[in-house]
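Per-entry structural report
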Amino acid sequence: MQNRIITIGREFGSGGREIGIKLAERLGVPFYDKELITLAAEAGGLDPKLIEKNEEGAHRVTDSGLGRMQFFSFSYTPVVSDAIYFQQCKILKDIALKGPCIIVGRCADYVLKDMNPVNVFIAASMPYKIERKRKLAPEKADYTDQQMEKFINGINKARSDYYRHYTGQKWGAGSTYHLCVHSDLVGIDGSVETIMAYLNNLKN
């Protein structure tokens, strides 16, 4: 368990980031999520906002009718989206080579598949995700439940499309991960304990 790279895929609103942070604290290993955006921007000389926007679904733009991308205008082409993805792949591999860590998102389970990571996916019911986002996103406090659900589903659709586009696999499918946890059933701390129990019982 001490030498494990752990990747965490997560539904928006499920608490995956918080679970990853707490798990990293328990294991005493580095944690990477939005930090990867900064690293990729620095390494590639890109605007961090461009990279973040790309992760939200810029890759869905097709080639048809599009010219060269202007980096800071937020006009996208698949070529640029791919360049950002491959830049992040390089950073993910460099990080993983340094030792045990926890990485959230960025198709890390697929990118690092040859490094024997433990791949975890965090899911939750919609009511739980709505309640959680209301607490963490006060700027959307006036959203109705229907509006919040649409917002959450939109983010998850972008994550699913991004994952399928670059891995050819279905995002959130049980067969893709070693462990799937429903945070609404066991809570944030319970999710951490569940993952710890799994790690402690691994045979190799």
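As the structure is a prediction and not an experimental result, all values here were calculated from the model. (Residues numbered from 1 in each chain as written. Predicted model: local features only at pLDDT ≥ 70, side-chain atom pairs only at ≥ 80, totals over all residues. Heavy atoms only, no water.)

**Observations regarding the pairing of strand β5 (residues 179-182)**
Burial along β5 is one-sided: L179 and V181 are buried, while C180 and H182, pointing the other way, are not. Here strand β4 (residues 118-123) runs beside β5; their pairing, made up of four bridges, is parallel. In the sheet register, V120 faces β5, and the bridge partner there is L179. (Buried < 20%, exposed > 50% of the residue type's maximum accessible area, 1.4 Å probe, protein only. Helix = DSSP H or I, 4+ residues; strand = E, 2+ residues; numbered from the N terminus. Pairing = 2+ DSSP bridges.)

**Side note on the packing of helix α6 (residues 126-136) against helix α7 (residues 145-167)**
A pair of packed helices is characterised by two quantities: the angle between their axes and the separation of those axes. Interaxial distance between α6 and α7 falls to 10 Å at its minimum, and their mutual angle equals 100 degrees. With respect to α7, the element α6 is oriented roughly perpendicular. For the pair α6 and α7, contact is made by M126, K129, I130, K133 and R134 and by D145, M148, E149, I152, N153 and N156, respectively. Among the residues forming the contact of α6 with α7, the class breakdown is four nonpolar, two polar and five charged. (Axes fitted to C-alpha atoms, helices over the stretch in contact; angles between N-to-C directions. Parallel < 35°, antiparallel > 145°, perpendicular 65-115°, else oblique. Contact = heavy atoms within 4.5 Å. Nonpolar A, V, L, I, M, F, W, Y, C, P; charged D, E, K, R; others polar.)

**Things to note about helix α1 (residues 16-27)**
Helix length check: α1 (12 residues) gives 16 Å between terminal C-alpha atoms against 16 Å at 1.5 Å per residue, within 8%. Looking at α1, one finds that the buried residues are G16, I19, G20, L23, A24 and L27. Seen along its axis, α1 keeps its buried residues to an arc of 135 degrees; they face one direction. Taken together, the buried residues of α1 touch β1 (5-10), β2 (31-32), β3 (101-104), β4 and α8 (183-200). Two residues or fewer after α1 comes G28, characterised by a positive phi angle close to 70 degrees. (Expected span 1.5 Å × (residues − 1). Arc of directions from axis to C-beta.)

**Some remarks on unusual backbone geometry**
A positive phi is found at R106, a non-glycine position, where the angle reads about 60 degrees. For N116, which is not a glycine, the phi torsion comes out positive at approximately 55 degrees. With a relative accessible area of 49%, N116 lands in the partly exposed category.

**A few points about α7**
The end-to-end C-alpha separation of α7 is 32 Å, in line with the 33 Å expected for 23 residues at 1.5 Å each. Here α7 has its buried residues at M148, I152, N156, A158, R159, S160, D161, Y162, Y163, Y166 and T167.

**Regarding the sheet that holds β5**
Ordered by their spatial adjacency, five strands build an open sheet running β2-β3-β1-β4-β5, and the pairing between neighbours is parallel. Across the chains shown, the open sheet's two edge strands, defined by having one partner strand only, are β2 and β5. For β2 and β3, the ladder comprises two bridges, and the chain directions are parallel. Bridge pairing in β3 links Y32 to I103.

**Some words on the packing of aromatic side chains**
The final tally for this structure, using the stated rule, is eight aromatic pairs. Ring plane angle 70 degrees and centroid distance 6.4 Å describe the contact between Y85 and Y162, whose orientation is recorded as edge-to-face. Separated by 77 residues along the polypeptide, Y85 in helix α4 (residues 78-98) and Y162 in helix α7 bring together distant segments of the chain. On the basis of relative accessible area, Y162 is assigned to the buried category, the value being 6%. (Phe/Tyr/Trp six-rings, centres within 6.5 Å; stacked < 30°, edge-to-face > 60°.)

**A few points about the confidence of the model for the protein**
With 75% of its residues at a pLDDT of 70 or more, the protein shows a mean pLDDT of 81. Within the model, the stretch residues 58-76 combines pLDDT values under 50 with 37 contacts to residues more than four positions away or in other chains. (pLDDT = per-residue confidence, 0-100.)

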